Amino acid sequence: MSATAVTRQPIHGHEPPAAVRVDPGPLLLADLSDTPSLAAHRAGRGTLPETDVARLAEAAERVNIEGRGGAGFPFATKLRLVARGRRPIVVVNAAEGEPLSAKDTGLLLVVPHRVLDGAAVTARALGAREVSIVVPSERPAVGRAVATAIDERRAAGERLRWRVAETAGGFVSGQARAVVELLSGRPNLPVTAWQPEGASGVRGRPTLLANAETWAHVGDVVRLGPTRYAARGTAAEPGTTLLTLPDPDRADGRVVVEVDYGTPWAEVLGRAGLQGRPLLLGGYHGTWVAAGGLAGLTVSRSAMRAAGLALGAGIVAALPGCPVVRTADIAAYLAGESAGRCGPCVNGLPALAEQLGLLARGDASGAYSRMLRLTQLVERRGACAHPDGTVRLVRSMLTAFDAEVGAHLAGRCQWPT
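Thresholds applied
Residues numbered from 1 in each chain as written. Predicted model: local features only at pLDDT ≥ 70, side-chain atom pairs only at ≥ 80, totals over all residues. Heavy atoms only, no water. Salt bridge = Lys/Arg side-chain N within 4 Å of Asp/Glu carboxyl O. Helix = DSSP H or I, 4+ residues; strand = E, 2+ residues; numbered from the N terminus. Buried < 20%, exposed > 50% of the residue type's maximum accessible area, 1.4 Å probe, protein only. Phe/Tyr/Trp six-rings, centres within 6.5 Å; stacked < 30°, edge-to-face > 60°. Pairing = 2+ DSSP bridges. Contact = heavy atoms within 4.5 Å. Axes fitted to C-alpha atoms, helices over the stretch in contact; angles between N-to-C directions. Patch = residues over 30% accessible without salt bridge, like charges linked within 9 Å, V, L, I, M, F, W, Y side chains within 5 Å. Areas by Shrake-Rupley, 256 points an atom, 1.4 Å probe, with all protein chains shown as cover. Lys, Arg positive; Asp, Glu negative; His and termini not counted. Charge placed at Lys NZ, Arg CZ, Asp CG, Glu CD. pLDDT = per-residue confidence, 0-100. Expected span 1.5 Å × (residues − 1). Polar contact = N/O pair within 3.5 Å; in protein donor to acceptor, adjacent residues only side chain to side chain. Parallel < 35°, antiparallel > 145°, perpendicular 65-115°, else oblique. Left-handed = near helix turned anticlockwise from the far one by under 90°. Nonpolar A, V, L, I, M, F, W, Y, C, P; charged D, E, K, R; others polar.

It is worth spelling out the pattern of salt bridges at this point. One pass over the structure, following the stated rule, counts 22 salt bridges. D220 serves as the salt-bridge partner of R45, at 2.6 Å between the closest nitrogen and oxygen. Residue R45 is located in helix α1 (residues 38-45), and its partner D220 is located in helix α8 (residues 212-224); the two are separated by 175 residues in the primary sequence. On the basis of relative accessible area, D220 is assigned to the buried category, the value being 3%. Notably, a salt bridge pairs D260 with R232, separated by 2.9 Å at the nearest N-O pair. One end of the pair, D260, is in strand β7 (residues 253-260); the other, R232, is in the loop between α9 (226-229) and β6 (240-246), and 28 residues separate them in sequence. Of the residues examined, R232 reaches a relative accessible area of 31% and is grouped as partly exposed. Among the charged side chains, a network of salt bridges with common partners joins R42, E50, D117, R124, R153 and E158.

The next point concerns the packing of aromatic side chains. Under the counting rule described, the total for this entry stands at five aromatic pairs. Ring plane angle 75 degrees and centroid distance 5.6 Å describe the contact between Y284 and Y333, whose orientation is recorded as edge-to-face. Of this pair, Y284 sits in the loop between β8 (279-281) and β9 (287-289) while Y333 sits in helix α12 (residues 323-336); the two residues are 49 residues apart in sequence, bridging distant segments of the chain.

Read across the open sheet, the three strands follow the order β9-β8-β10; overall the sheet is antiparallel. A strand with exactly one partner marks an edge of an open sheet, and here the two such strands are β9 and β10 (316-317). Where β8 and β9 come together, three bridges link them in antiparallel fashion. Bridged to L279 within β9 is V289. Contacts from helix α15 (residues 386-400) reach β8 and β9 within the one sheet, and its direction differs from that of β9 by about 20 degrees.

Right, let's talk about a positive patch on the surface for a bit. Together, R86, R87, R129 and R161 line one region of the surface with positive charge. Locating R161 in the fold gives a position in strand β4 (residues 161-166). Residue classification places R161 among the partly exposed residues on the basis of a relative accessible area of 48%.

Judged by pairing direction, the sheet is parallel, and its four strands sit side by side in the order β4-β3-β2-β5 without closing on themselves. Each edge of the sheet is formed by a strand with only one pairing partner; in this case those strands are β4 and β5 (207-211). This sheet shows a mean twist of 20 degrees between the axes of neighbouring strands, independent of strand direction. The pairing of strand β3 (residues 130-135) with β4 spans six bridges and is parallel. In the sheet register, E130 faces β4, and the bridge partner there is R161.

Relative to the assigned elements, A165 resides in strand β4. For the pair formed by A165 and G233, sequence separation is 68 residues and the distance between their alpha carbons is 34 Å.

So, on to the confidence of the model for the chain. Residue-level pLDDT values for the chain average 91, and 96% of them are 70 or greater. Summarising per-element confidence for the chain, the mean pLDDT is lowest in helix α14 (residues 367-378) (86) and highest in helix α5 (residues 112-126) (98). In the model, residues 1-10 has pLDDT below 50 throughout and makes 33 contacts with residues more than four positions away in sequence or in other chains.

Our next topic: α12. Helix length check: α12 (14 residues) gives 20 Å between terminal C-alpha atoms against 20 Å at 1.5 Å per residue, within 8%. With respect to burial, α12 is a largely interior element, 10 of its 14 residues being buried. Within α12, burial applies to P323, V324, R326, T327, A328, I330, A331, Y333, L334 and A335. On the buried face of α12, the contacting elements are β8, β9, α13 (343-360), α15 and α16 (402-409).

On to the side chain of E138. Residue position: E138 is located in the loop between β3 and α6 (140-155). R139 provides the closest opposite charge to the buried, unpaired E138, separated from it by 5.7 Å. Within polar-contact distance, the side chain of E138 engages the backbone nitrogen of G170 at 2.7 Å.

With that settled, the discussion passes to the packing of helix α4 (residues 103-110) against α6. It is the contact of α4 with α6, at a shortest axis distance of 8 Å, that shows an interaxial angle of 40 degrees. Taken together, α4 and α6 sit at an angle that is classed as oblique. In this structure, α4 crosses over α6, and the sense of that crossing is left-handed. On α6, the residues touching T105, L108 and L109 of α4 are A141, V142, A145 and V146.

This part covers the packing of α5 against α6. α6 packs onto α5 with a crossing angle of 60 degrees between their chain directions and a minimal axis gap of 10 Å. Accordingly, the angle class assigned to the pair α5 and α6 is oblique. Relative to α6, α5 is oriented so that their crossing is right-handed. Residue-level contacts link P112, H113, L116, D117 and A120 of α5 to A149, I150, E152 and R153 of α6. A per-class count over the contact of α5 with α6 returns five nonpolar, one polar and three charged.

Moving on, we come to a nonpolar patch on the surface. Taken together, Y368, L372 and L409 make up a surface patch of nonpolar side chains, about 230 Å² in accessible area. Secondary-structure assignment places L372 in helix α14. L372 sits in the partly exposed class, given a relative accessible area of 34%.

Shown next, in the form of structure tokens:
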């Protein structure tokens, strides 16, 4: 494992889940074995057929594979860009700096070779000799699982060079440019990028970077072919997606589930016992939804965007307490988790968090108008998307919980204690 000299750890109350459970699913999580070994994986799924860039890009485009890390960028577009360069590098981003997320963690603990297969078959198609896997320092079990899986693949004769790097920790450590910086031997923090990493990434080389879930989907598209893969989901959004839900048996635990695109949210929430509760979707850079706000909607990135919501990294959380108070707490955490390299983060996010804190405490004279002004000042002006994600969260709270905001502006909290 390698690490940078920068050490950043989550603030108390925003730690990763203490326990992760993975439930069987229809595609990525089908046929779960009692062991994550390569032998069990090969016995159940076999060896992926070889492919080339053109066929892989066409297949990924046919089934509309988009990045599952939150940005939702088309995989085929990134693949074609990287293929135009020389000496490409493939990166599995399993940093998962979002404290509420557990899907990449769950995949690598339970079925690591389904992730590594997707990266390996793509690397061979590109003629890449190196695959890097970035694992979170806050979740050491992930690093151990990846190291074991790589040892198995080396022992089986796989000739790719596998490199494992451990993040410095913290919310922004998994941001794409922060990962590129880490693998380039620099501090694991975001920087301004003038070119996409597909054109100039790790050490200036074309870099195909995707999160662990995305690579698992790539592997299944190659294994099944686009027609069989698209038997799940909808015509517009084929396949499945992973969601991280609260564990009803452990307050500090998470459950990873796999659902078809097009699944009614009522079914998902009923399965998790979350009906009738306000929810945070997509994590700390996601959007709040008032109780009943998902009625009639399905699990669909396009439908969520049309409704002004963000599925993001597939997080569904029911955070206890008043959403105004919780948003103020999260905003303060996010302000402390920035790279500290641009004005919107250095000055804007702490100022926004301060005004939210005043609102949460009922000392809100002028806080509302100052909050609105600050969201306009920091949005789309940062070196990375960290300010934008924070603004998204704040605005969604102001919209979804206008009655609660009004109560706080009047100096009281009406949320049950």
